[in-house]
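These are the residues of each chain, in order.
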Amino acid sequence: MVTTLLVAVVALALIFDYTNGFHDAANSIATIVSTKVLTPFQAVLLAAVFNFAAYFFIKDHKVANTVAKTVHEEFITLHVVLAGLIAAITWNLTTWWFGIPSSSSHTLIGGFAGAGITNALFMGQHAMAAINSTYIFKIVAYIVLAPFIGLFIAYFITILILHICKRAKPAVAERWFKRLQLVSAAALSFAHGTNDAQKVMGILYVSLIAAKVINSGAAMPEWIPLACYTAIALGTMSGGWKIVKTMGSKITKITPLEGVAAETAGAVTLFITEHFAIPVSTTHTITGSIIGVGLTKRVSAVRWGVTVNLLWAWVITIPISALIAGLMFMLVRHW
């Protein structure tokens, strides 16, 4: 049944996708802005176009399926989804306000899981009965693995480029890498769309099942991916300038060559994880890639104080989102 509650859940899910776009815009455009290849407006326009372009190419939605299965179906209600979304939006806006590049992916999953756990307790079940530990473990493991994958790929791409271009004239090389950065930024934006938009697709899909609009196992309605890709692209168009500053200059100084390496490494990592249906954080991935680029110069080129602060934000995102969602579920469960 299409109810007021379902409409509210769908609206909040798309609002979250919008906040995901402007919160994570920095992931795609920080390096290309910091190297002055594009103006901020040109960069967000490029990112938004390629965010949405993923809609026409990605049809299997494996990441959406993983997110949908993080909480067991018998514990999913519209109130659970509503509480999880409110928690995720709250944490997204808080970290955006303070310029902290936390993970939109993990706040959504943390909120969803936290509300599911709270519902299980109200049903008289064991708290952990609500969550699918196999999927949750995979997601948590990639909080650590995704940045390291991006780091190692970026490190080796940078070393390879430096070896190939060691005899090139600096002015000519820089001109070419500024052009190539348009390609690498577009690829990263496309990969960001493929991974991040799917997370909200999974949430909307289980919402329709909980509302008995569709049956469990039914095909995903076509309006869901279209709406999600549109929302995240519009969010990206809104930008995220505070986080752009952190990602583009505070971790390490980036040149066009290094921007190409970092963005290419981030895109490759996201394509790999999307292939294996793993909902990873674009924020974590590109941060690891930027660090990998910095390490090719020297360890001290990376501002480790900033990086440690980012790591703390990553560690606390899931538990804080889960806690907020649990509290919100207690407030909205009778609505």
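This text goes with the structure placed above it.
Cut-offs and rules
Residues numbered from 1 in each chain as written. Predicted model: local features only at pLDDT ≥ 70, side-chain atom pairs only at ≥ 80, totals over all residues. Heavy atoms only, no water. Phe/Tyr/Trp six-rings, centres within 6.5 Å; stacked < 30°, edge-to-face > 60°. Helix = DSSP H or I, 4+ residues; strand = E, 2+ residues; numbered from the N terminus. Buried < 20%, exposed > 50% of the residue type's maximum accessible area, 1.4 Å probe, protein only. Lys NZ or Arg CZ within 6 Å of the ring centre and 35° of its normal. Axes fitted to C-alpha atoms, helices over the stretch in contact; angles between N-to-C directions. Parallel < 35°, antiparallel > 145°, perpendicular 65-115°, else oblique. Left-handed = near helix turned anticlockwise from the far one by under 90°. Contact = heavy atoms within 4.5 Å. Salt bridge = Lys/Arg side-chain N within 4 Å of Asp/Glu carboxyl O.

Novice: Would you mind going over the packing of aromatic side chains with me for this structure?
Specialist: In this description, an aromatic ring pair is defined by two values, namely the gap between the centres and the angle between the planes. Taken as a whole and assessed by the stated rule, the structure comprises nine aromatic pairs. For the ring pair phenylalanine 122 and phenylalanine 329, a centre distance of 6.0 Å and an interplane angle of 55° mean the geometry is tilted. Pair noted here: phenylalanine 122 is in helix H5 (residues 104-122) and phenylalanine 329 is in helix H12 (residues 304-332), with a separation of 207 residues, a long-range link. Judged by its relative accessible area of 3%, phenylalanine 329 falls in the buried class. Counting every residue linked through ring pairs, the aromatic cluster contains Phe52, Tyr55, Phe56 and Tyr229. One Lys or Arg, lysine 59, reaches over the ring of tyrosine 55 and ends 4.4 Å from the middle of that ring. For the cation-ring pair, arginine 333 lies above phenylalanine 122, with the distance from its terminal atom to the ring centre recorded as 3.9 Å.

Novice: Would you explain unusual backbone geometry in this entry?
Specialist: The backbone of histidine 61 sits at a positive phi, close to 55°, despite the residue not being glycine. Structurally, histidine 61 can be placed in the loop between helix H2 (40-53) and helix H3 (62-68). A residue is classified by how much of its surface remains accessible, and histidine 61, at 13% relative accessible area, is buried. A positive phi is found at lysine 212, a non-glycine position, where the angle reads about 65°. By the secondary structure assignment, lysine 212 is in the loop between helix H7 (170-210) and helix H8 (223-238).

Novice: Could you clarify how one ought to interpret the packing of helix H6 (residues 133-164) against helix H10 (residues 256-275) in this entry?
Specialist: A pair of packed helices is characterised by two quantities: the angle between their axes and the separation of those axes. Contact geometry of H6 with H10 gives a least axis separation of 8 Å together with a crossing angle of 135°. Judged by the angle between their axes, H6 and H10 are oblique. Judged by the sense of rotation from one axis to the other, the crossing of H6 with H10 is right-handed. For the pair H6 and H10, contact is made by Tyr142, Ala146, Ile149, Gly150, Ile153, Ala154, Ile157, Thr158, Ile161 and Leu162 and by Leu257, Ala261, Ala262, Thr264, Ala265, Val268, Thr269 and Thr273, respectively.

Novice: Help me understand the pattern of salt bridges, please; the structure alone is not making it clear to me.
Specialist: When charged atoms on two side chains of opposite charge get close, those side chains can pair. Counted under the stated rule, the structure contains four salt bridges. Two residues, lysine 178 and glutamate 174, come together in a salt bridge whose shortest N-O distance is 4.0 Å. One end of the pair is lysine 178 and the other is glutamate 174, both in helix H7 and four residues apart, which spans about a single turn. Here lysine 178 falls in the partly exposed class, since its relative accessible area comes to 30%. We classify glutamate 174 as partly exposed; its relative accessible area is 39%. Here aspartate 196 and lysine 199 are joined by a salt bridge, their closest N and O atoms 3.0 Å apart. Residue aspartate 196 and its partner lysine 199 are located together in helix H7, separated by three residues, close to a single helical turn. The pair aspartate 196 / lysine 199 is uniform in exposure class, with both members buried.

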